[in-house]
Amino acid sequence: MTSLRFPRGLYGVTPEWDDTGRLLRAVKQAAAGGMRSLQLRRKDVPAATRREQAAALAPLCRELGVVFLINDHWELALEVGADGVHLGRDDGDLAQVRAQAPDLIIGASCYDDIERARAMLQAGADYIAFGAVFPSPTKPAAVRAPLSLFAQAVALAQSRPAPRPAVVAIGGITPSNAALVAQAGADAVAVITGVFEAPDIGRAAAECARPFLSPLSAPPPRGDSAG
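Cut-offs used in this document
- Residues numbered from 1 in each chain as written.
- Predicted model: local features only at pLDDT ≥ 70, side-chain atom pairs only at ≥ 80, totals over all residues.
- Heavy atoms only, no water.
- UniProt positions renumbered as here; feature names shortened; annotations may be inferred.
- Helix = DSSP H or I, 4+ residues; strand = E, 2+ residues; numbered from the N terminus.
- Buried < 20%, exposed > 50% of the residue type's maximum accessible area, 1.4 Å probe, protein only.
- Contact = heavy atoms within 4.5 Å.
- Polar contact = N/O pair within 3.5 Å; in protein donor to acceptor, adjacent residues only side chain to side chain.
- Phe/Tyr/Trp six-rings, centres within 6.5 Å; stacked < 30°, edge-to-face > 60°.
- Lys NZ or Arg CZ within 6 Å of the ring centre and 35° of its normal.
- Salt bridge = Lys/Arg side-chain N within 4 Å of Asp/Glu carboxyl O.

Under the annotation held in an unreviewed UniProt entry, the protein chain carries the name Thiamine-phosphate synthase and is attributed to Bordetella genomosp. 8. Check the Pathway (unreviewed entry) section of the UniProt entry for the protein chain; it says "Cofactor biosynthesis; thiamine diphosphate biosynthesis; thiamine phosphate from 4-amino-2-methyl-5-diphosphomethylpyrimidine and 4-methyl-5-(2-phosphoethyl)-thiazole: step 1/1." Comment text from UniProt for the protein chain, heading Sequence similarities (unreviewed entry), reads "Belongs to the thiamine-phosphate synthase family."

Enquirer: Please explain unusual backbone geometry as it appears in this structure.
Expert: The omega angle of the peptide bond from Gly131 to Ala132 is 20°, so this bond is cis rather than trans. A cis amide bond links Ala162 to the next residue, Pro163, at an omega of -5°. Mapped onto the secondary structure, Pro163 falls in the loop between helix H6 (149-158) and strand E7 (166-170). Although it is not a glycine, Asp72 adopts a positive phi angle of roughly 80°. Inspection of the secondary structure puts Asp72 in the loop between strand E3 (67-71) and helix H3 (74-80). With a relative accessible area of 15%, Asp72 lands in the buried category.

Enquirer: Where do I start with the UniProt feature "binding site: Mg(2+)" (unreviewed entry) in the protein chain in this structure?
Expert: As recorded in UniProt, the sites labelled "binding site: Mg(2+)" (unreviewed entry) are Asp72 and Asp91. Spanning 20 residues, the named residues nonetheless gather at one spot, since no C-alpha pair among them exceeds 5.5 Å. Every residue in contact with Asp72, bar those within four places of it in the chain, is listed here: Lys43, Val85, His86, Leu87 and Asp91. Within polar-contact distance, the side chain of Asp72 engages the side chain of Lys43 at 3.1 Å.

Enquirer: Would you mind showing me how to read the packing of aromatic side chains here?
Expert: The geometry of two aromatic rings is summed up by the distance between their centres and the angle between their planes. Counted according to the given criterion, the structure contains five aromatic pairs. With a centroid separation of 4.5 Å and an interplanar angle of 40°, the aromatic rings of Phe6 and Tyr127 are classed as tilted. Here Tyr127 lies in strand E6 (residues 127-130) and Phe6 lies in the segment before strand E1 (9-13), a separation of 121 residues in the sequence. With respect to class, Phe6 is no different from Tyr127; both count as buried. Arranged with centres 6.0 Å apart and planes meeting at 80°, the rings of Phe130 and Phe150 form a pair that is edge-to-face. With Phe130 in strand E6 and Phe150 in helix H6, this residue pair connects regions lying 20 residues apart in the sequence. Grouped by ring-pair contacts, the aromatic residues Phe6, Tyr11 and Tyr127 constitute a single cluster. One residue, Arg22, lies across the ring of Trp17, its end atom 3.6 Å from the ring centre.

Enquirer: Is there a simple way to explain the pattern of salt bridges in this structure?
Expert: As enumerated under the stated definition, the model contains 10 salt bridges in all. Between Asp187 and Arg8 there is a salt bridge; the shortest N-O distance is 3.9 Å. Here Asp187, found in the loop between helix H7 (178-184) and strand E8 (188-191), pairs with Arg8, found in the segment before E1; they are 179 residues apart in sequence, far enough to count as distant. Residue classification places Asp187 among the buried residues on the basis of a relative accessible area of 2%. Between Asp187 and Arg164 there is a salt bridge, with the nearest N and O atoms lying 2.9 Å from each other. On the criterion of sequence distance, the pair formed by Asp187 in the loop between H7 and E8 and Arg164 in the loop between H6 and E7 is long-range, its members being 23 residues apart. No difference in accessibility class separates Asp187 from Arg164, as the two residues are buried.

Structure below.
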């Protein structure tokens, strides 16, 4: 199996919780269950709240060995020592972010668009994310990405220099359907509700991570923020 630029397996995405203590406890439980990466996704909160949670999560993720990214805000990622940033369609030009922050891991939302994925890889993306794969409680109106898309995406990623960019699935993924996404070819699954709203967060994380278990480990994060 080819080595990846981003960890294989469970990629947690934070729920819309303002209680930072609760969030930190949940992240610890998810990491104990096998979560290997985490994205702070707080879209509609004051900047101070986002920064508080980012500053609290960055050292915790280093301690836990979890790769930590922030949605949208690459400057904040640099400020708090996060490992990377995730960019959507309206979150800035990926090539420009890559030029200004060469050591950050950068992921890109590609929805159901393989041509956008091609462009993002050419611009320097470390992973490309597709979804919603299943109906999503977080984004009920999101475009749907069929499972058949993942074989195309992996073939596209394999055309890039090694270690190759990863292919991530997002949207409606739960412990009961994560294996379907792994079988379709995705390298990782991004999960919010299916893990963080589960009665047993650690168990849900373990069940989402299990289909991706492999002796192969992703390389450590790039740059000074590696932990």
